[in-house]
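Fold and geometry: a report
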Amino acid sequence: MRTVSIFICAFSLLSVSVFSQTKKEMKKQDSIKWKYTPNFTVGVDVLNLGTGFFGDRKLMQGFISSRINKKVHAIIDIGYDKNVYQKNGYDAKADGLFAKIGGFYMLSTDPENDLNGFYAGAKLAGSFYNQEYKAIPVKGLNSEGVFVSFDPSTQSSYWIEAMLGARVQVFNSNFFIDVNLQPRYLAYTTKQDEVKPMIVPGFGKSSGSFNMGFSWNIAYKF
Amino acid sequence: MKNLIWIFGVLLLLTSCGGDDDICLNSDSTPRLKLKFRNASNNLITRLDSLYVDVDYGKTKLTNIISSANVDSVFVPIRIDDSPYTDIYFRTRRNQTGSKLRINYDKKSIYVSPACGFKINYENLKADLLKSDPVQSVQPNNTSLTNENSINFYLRF
């Protein structure tokens, strides 16, 4: 319950600061009109793709974003994540697909290139995955090494995610580097026999409802 | 820009205290068997001037639970593995052969939390006094063990 209230506090602070920023910027630029023409930026998370070769977690993700107006972009993320959890007597694995949909707002942009700058946004995310809990510890005094195991099952989880990041054009090419942090909160998950999942593909470790994701993307603007 | 750094800071702070997946408080784990003592002659609650309790957890050696003087009750952790019973040995003197008490039960695994995993609750507790002296007989009190609040058996010495 405490984490929930902390989250609500942080989220309202966040939304207030984002919202107030919006108002200020609106006044300055109401004379400039920006017309939507179909445009897409496609990015791949190279950092997590790379670390997948060295660790247990294989996370592949990418995004498609589109500029809706001068400051607002819509974004869809799609990814695949495979992970294991072997700690404190647990032996679990999970793998599956996830998708996120949301938008972000350019907080401050480079005066010479309004695609460069810092942004903040929010997304709704869902993950559909297979999990197998081969061992969950049973706790009792003077007895160690007792486990409960479960058959593989299909589960789903849903979370909300904030995003804070920066996008920088690589010289004058159509390539961008897009780096962002994704603080996230697990809102709902299906459970196998009431067991809370320890890992959720796309979300990460899920024993606490909060988690932080990081992505470092190379993007191409069409 | 300043605003942004501030938001980053708060969010980092929040996520840094999220690692609660390895702290399990003892109260959330499997409950222990609670035993009290009665005087065999008048059936009144009694204290023992000394008591030694050992339990067979299926290891090569018995595990000593308590060796102490002036005892009025004892908590005995019982087995959580597949064994349908736990053998408990009681002595009132160090060099006694002692009594052997076999507790039979039905087990149920209950999920607690990510940190604690599962705990066991026991139902249909039955005590068989396989070897008497110093324990003369056993009186059942509460035959289900789901918490440590009530007394499961009275041992009559």
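1. Quick word on the overall build of chain B
Each helix and strand in chain B was counted, giving one helix and nine strands. Taken from the N to the C terminus, the helices and strands of chain B come in the order α-β-β-β-β-β-β-β-β-β. Relative to its full complement of 157 residues, chain B shows a buried share of 27%. For chain B, the proportion of contacts with a sequence separation of at least 24, taken over those separated by at least 6, is 48%.

2. Considering the overall build of chain A
Assigned secondary structure in chain A consists of two helices and 11 strands. From first element to last, N terminus to C terminus, chain A shows the α and β order α-β-α-β-β-β-β-β-β-β-β-β-β. Out of the 222 residues in chain A, the part that is buried amounts to 33%. Across chain A, the fraction of contacts at a sequence separation of at least 24, relative to all contacts at a separation of at least 6, is 61%.

3. Notes on the pairing of strand E7 (residues 117–131) of chain B
Residue and element names in this part refer to chain B. Sheet topology places strand E6 (residues 99–113) next to E7; 12 bridges connect them, and they run antiparallel. Note that in E7 the partner of Ser 109 across the bridge is Ile 120. The turn joining E6 and E7, which pair antiparallel and follow one another in sequence, is formed by three residues.

4. Details of the sheet that holds strand E3 (residues 63–71) of chain B
Residues and elements named next belong to chain B. Sheet architecture is open: five strands sit in the order E3-E2-E5-E6-E7, paired in antiparallel fashion. Each edge of the open sheet is held by one strand with a lone partner, namely E3 and E7. Ignoring strand direction, the axes of neighbouring strands in this sheet form an average angle of 25°.

5. Section: unusual backbone geometry
With an omega dihedral of 10°, the bond running from Asp 133 of chain B to Pro 134 of chain B counts as a cis peptide bond. Structurally, Pro 134 of chain B is set in the loop between E7 and strand E8 (137–140). Phi at Asn 88 of chain A takes a positive value of approximately 50°, unusual for a residue other than glycine. Mapped onto the elements of the fold, Asn 88 of chain A is located in the loop between strand E3 (72–85) and strand E4 (91–110). Residue Asn 88 of chain A is classed as partly exposed on the basis of its 18 C-beta neighbours within 10 Å. Residues other than glycine seldom take positive phi values, yet Glu 194 of chain A does so here, at roughly 70°. Mapping Glu 194 of chain A onto the fold places it in the loop between strand E8 (175–189) and strand E9 (199–200). Here Glu 194 of chain A falls in the exposed class, since 8 other C-beta atoms lie within 10 Å of it.

6. Focus on the sheet that holds E8 of chain B
All names here are of chain B. Spatial strand order, E4-E1-E9-E8: four strands in an open sheet with mixed pairing. Each end of this open sheet is capped by a strand with a single partner; those strands are strand E4 (73–76) and E8. When strand polarity is set aside, the average angle formed by the axes of neighbouring strands in this sheet is 30°. Looking at chain direction, strand E1 (residues 33–38) and E4 are connected through four bridges and run antiparallel. Looking at the pairing, Lys 34 lines up with Phe 75 of E4.

7. A closer look at the nonpolar core
A general feature of soluble globular proteins is that nonpolar side chains tend to end up buried together. Judged by nonpolar contacts, the single largest core of 46 residues is most densely connected at Ala 92 of chain A together with Val 53, Val 76, Ile 88, Leu 101 and Ile 103 of chain B. Ignoring any residue separated from it by four or fewer positions in sequence, one finds Val 53 of chain B in contact with Ile 65, Ile 66, Val 74, Val 76, Ile 88, Tyr 89 and Phe 90 of chain B. One finds Ile 75, Met 106, Leu 107 and Ala 162 of chain A within the second-largest nonpolar core, a separate group that totals 10 residues.

8. Notes on the environment of Ala 69 of chain B
All names here are of chain B. With respect to the helices, strands and loops of the structure, Ala 69 is situated in strand E3. The sequence separation of Ala 69 and Pro 114 amounts to 45 residues, and the corresponding C-alpha distance is 39 Å. Not counting the four nearest positions on each side in its chain, Ala 69 is found in contact with Asp 49 and Ser 50.

Calculation rules
- Residues numbered from 1 in each chain as written.
- Chains lettered and ligands numbered in written order.
- Predicted model: local features only at pLDDT ≥ 70, side-chain atom pairs only at ≥ 80, totals over all residues.
- Helix = DSSP H or I, 4+ residues; strand = E, 2+ residues; numbered from the N terminus.
- Buried ≥ 20, exposed ≤ 12 C-beta atoms within 10 Å, placed from the backbone.
- Contact = placed C-beta atoms within 7 Å.
- Pairing = 2+ DSSP bridges.
- Axes fitted to C-alpha atoms, helices over the stretch in contact; angles between N-to-C directions.
- Core = buried A, V, L, I, M, F, W, Y, C linked by C-beta atoms within 7 Å.

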